[in-house]
Amino acid sequence: MNSPQIKDRLKVIRDKVEQGARLNLDDGIFLYEPDVSLHAIGELANWKREQINGNVGYYNINTHLNPTNVCVYRCRFCAFRSDLRDPKGYVMSDEQIIARGQEAFENGCTEMHIVGGLHHKLGYDWYRGILEKLHASFPQIHLKGWTAVEIDWFEFLTKKSLKEVLSDLRDAGLGSMPGGGAEIFHPEVRDQICEHKANATKWIEIHQAAHEIGLKTNCTMLYGHVEQAYHRIDHLIRLRDLQDKTGGFQTFIPLAFHPENTKLSHLKKPSALMDLRTVAVSRLMLDNVPHIKAYWIMLGIGTAQAALAYGADDIDGTVRHELIYHDAGATTPEILTVDQIRQLIIEAGREPVERDTVYRRVHRDADQFTHWWVGEDVLVNV
Ligand code: V47
């Protein structure tokens, strides 16, 4: 395509976005063409982002808990997993898990993000028990836990229906589900990077079941490895189709592949330009998902700040104890303080707003950090 053709095509896309019309597969693939200006796409995505979320830059105060890294699956992109008998393998004790809850409480966390390996020997009750114990001791902390891949495993272990499993986990304290395990849905890619685990149909079915029983979930896409633009756009359209049906996704998180210590370590990690393009294209394609998260742990702080002008409105949380990206070579710090995260949002020209997991605004007593409220005067933690 020569440059007048590119200009004309971009104008058609701009008109569609401004009129609230939907972009199709070909539009999305075009936006990934290297000759199409990243900044033109970014400007349009920023316009869309400001239509939906104004000038707000969301963050939360959260912590991660990965109760075990032992996993029956061997996803080629994963540096975190361990074999059963590998010295690197660990399983956290109940005391360690409760201590993490206590630490989260003392640090004013509103959310624990809980994911881990599918241990060969631990039963469903162990996973359920983690939620139950944490929820009983720290009911004010929202438990965002277990990806669709774990839920698929629990369905296999319990022989119960998806909705029975999900309702049982909700009864134990599950507040919502993270978006992991989606990777790239298209079988041409999925068969190369994680052929054994829950496929696209299953991942979608699980999120649909969660939405239908009232659980909100997030969605992700792992990019920058063996996939092409076609596979990314196909992935986004499948997410958009489910969102049309249920409206249960809160935020989309594009996840940049980190190759170190993985079976794909010969690949180069995606550039910052690719990261920003993916944020922008996601904002434009996913016209029905309210939030786009630029996960600073994975993007790096500078790119996450820039992403706030390329379609993202959220940069995740203060985060502590993150292992999945740090095992795969992420060089970002393990934690940001509240002041640091607010400052980096301000530097990006946005208004920092603390949210809880379901995007209600959090209000805190200035002198007592662990006293906080959410939303419309709902008292959550005093
Ligand atoms: O499913 C694993 C990805 C995901 C690597 O819902 C990797 O708020 C890059 O889903 N390089 C888990 N990516 C993390 C995740 C997530 C993160 C932050 C917020 C939320 C949310 C969800 O991490 C996995 C996989 O796609 N992943 N290994 C790697 N080497």
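Provided above is the structure to which this section pertains.
Got a sec to walk through the pattern of salt bridges? Specific residues and values, please.
Following the criterion strictly, the structure yields 24 salt bridges and no others. The salt bridge partner of R22 is D244, with a shortest N-O separation of 2.7 Å. On the criterion of sequence distance, the pair formed by R22 in the loop between α1 (3–18) and α2 (25–31) and D244 in helix α10 (residues 229–246) is long-range, its members being 222 residues apart. By relative accessible area, D244 is classed as partly exposed at 46%. Here K144 ties to E111 by a salt bridge, and the two come within 3.4 Å at their closest N and O atoms. Separated by 33 residues along the polypeptide, K144 in strand β4 (residues 142–145) and E111 in strand β3 (residues 111–114) bring together distant segments of the chain. In this pair, the class of K144 matches that of E111, namely buried. Three or more residues joined by partner-sharing salt bridges are found here, namely R9, K16 and D27.

A description of the site of the ligand should follow, citing residues and the corresponding values.
Neighbouring the ligand are 22 residues, the closest being F77, K144, G181, E183 and Y325. G180 is positioned with one of its backbone polar atoms (N or O) 3.2 Å from an oxygen atom of the ligand. One nitrogen or oxygen atom from the side chain of E183 is found 2.4 Å from an oxygen atom belonging to the ligand. For the ligand, the protein covers 96% of the area, taking 620 Å² as the surface of the free molecule. Elements that contribute at least two residues to the shell around the ligand include exactly β6 (216–223), β7 (249–256) and α14 (324–327).

Any chance you could break down the sheet that holds strand β9 (residues 314–317) for me, citing the residues and the numbers?
Within the open sheet, the 3 strands sit side by side as β9-β1-β10. Their pairing is parallel. Sheet topology places β9 and β10 (351–354) at the edges, where each strand pairs with a single neighbour. Neighbour to neighbour, the strand axes of the sheet diverge by 25° on average, direction disregarded. Pairing geometry for strand β1 (residues 56–60) and β9, over 2 bridges, is parallel. Each bridged residue has a counterpart across the sheet, and for N60 the counterpart in β9 is G317. Contacting β1, β9 and β10, helix α15 (residues 338–347) crosses the sheet at an angle of about 160° to β1.

Break down the packing of aromatic side chains for me, citing the residues and quoting the values.
A complete count under the given rule lists 11 aromatic pairs for this structure. Geometrically, the ring pair formed by Y127 and F154 is tilted, given 5.1 Å between the ring centres and 50° between the ring planes. Placement of the pair is Y127 in helix α5 (residues 124–137) and F154 in helix α6 (residues 148–158), with a sequence separation of 27 residues. The same class applies to Y127 and to F154, which are both buried. Ring pairing ties together the aromatic residues Y124, W126, Y127, W146 and F154, which thus form one cluster. Cation over ring: K159 sits above F156, and NZ or CZ is 4.2 Å from the ring centre. The cationic tip of R355 hangs over the ring face of Y359; the distance from NZ or CZ to the ring centre is 4.4 Å.

How would you sum up α15? Please name residues and give values.
Buried residues of α15: I341, L344 and I345, and no others. On an axial view of α15, the arc spanned by its buried residues comes to 100°, and they lie on one face. Every exposed residue of α15 that faces more than 90 degrees away from the buried side is listed here: D339 and E347. In this fold, the buried residues of α15 make contact with β1, α12 (296–299), α13 (301–307), β9 and β10. Two residues or fewer past α15, G349 is found with a positive phi of approximately 85°.

Which residues make up the sheet that holds β3, and what values go with them?
Pairing within the open sheet is parallel, and its 7 strands lie in the order β2-β3-β4-β5-β6-β7-β8. Two strands bound the open sheet, and with one partner strand each, they are β2 (62–65) and β8 (291–292). As judged from the 4 bridges shared by β3 and β4, these two strands associate in the parallel manner. Along β4, the bridge assignment pairs H113 with K144. Lying on the sheet, helix α11 (residues 272–285) is in contact with β6, β7 and β8; it crosses β7 at an angle near 155°.

Conventions used here
Residues numbered from 1 in each chain as written. Predicted model: local features only at pLDDT ≥ 70, side-chain atom pairs only at ≥ 80, totals over all residues. Heavy atoms only, no water. Salt bridge = Lys/Arg side-chain N within 4 Å of Asp/Glu carboxyl O. Helix = DSSP H or I, 4+ residues; strand = E, 2+ residues; numbered from the N terminus. Buried < 20%, exposed > 50% of the residue type's maximum accessible area, 1.4 Å probe, protein only. Near = heavy atom within 4 Å. Polar contact = N/O pair within 3.5 Å; in protein donor to acceptor, adjacent residues only side chain to side chain. Areas by Shrake-Rupley, 256 points an atom, 1.4 Å probe, with all protein chains shown as cover. Pairing = 2+ DSSP bridges. Axes fitted to C-alpha atoms, helices over the stretch in contact; angles between N-to-C directions. Contact = heavy atoms within 4.5 Å. Phe/Tyr/Trp six-rings, centres within 6.5 Å; stacked < 30°, edge-to-face > 60°. Lys NZ or Arg CZ within 6 Å of the ring centre and 35° of its normal. Arc of directions from axis to C-beta.

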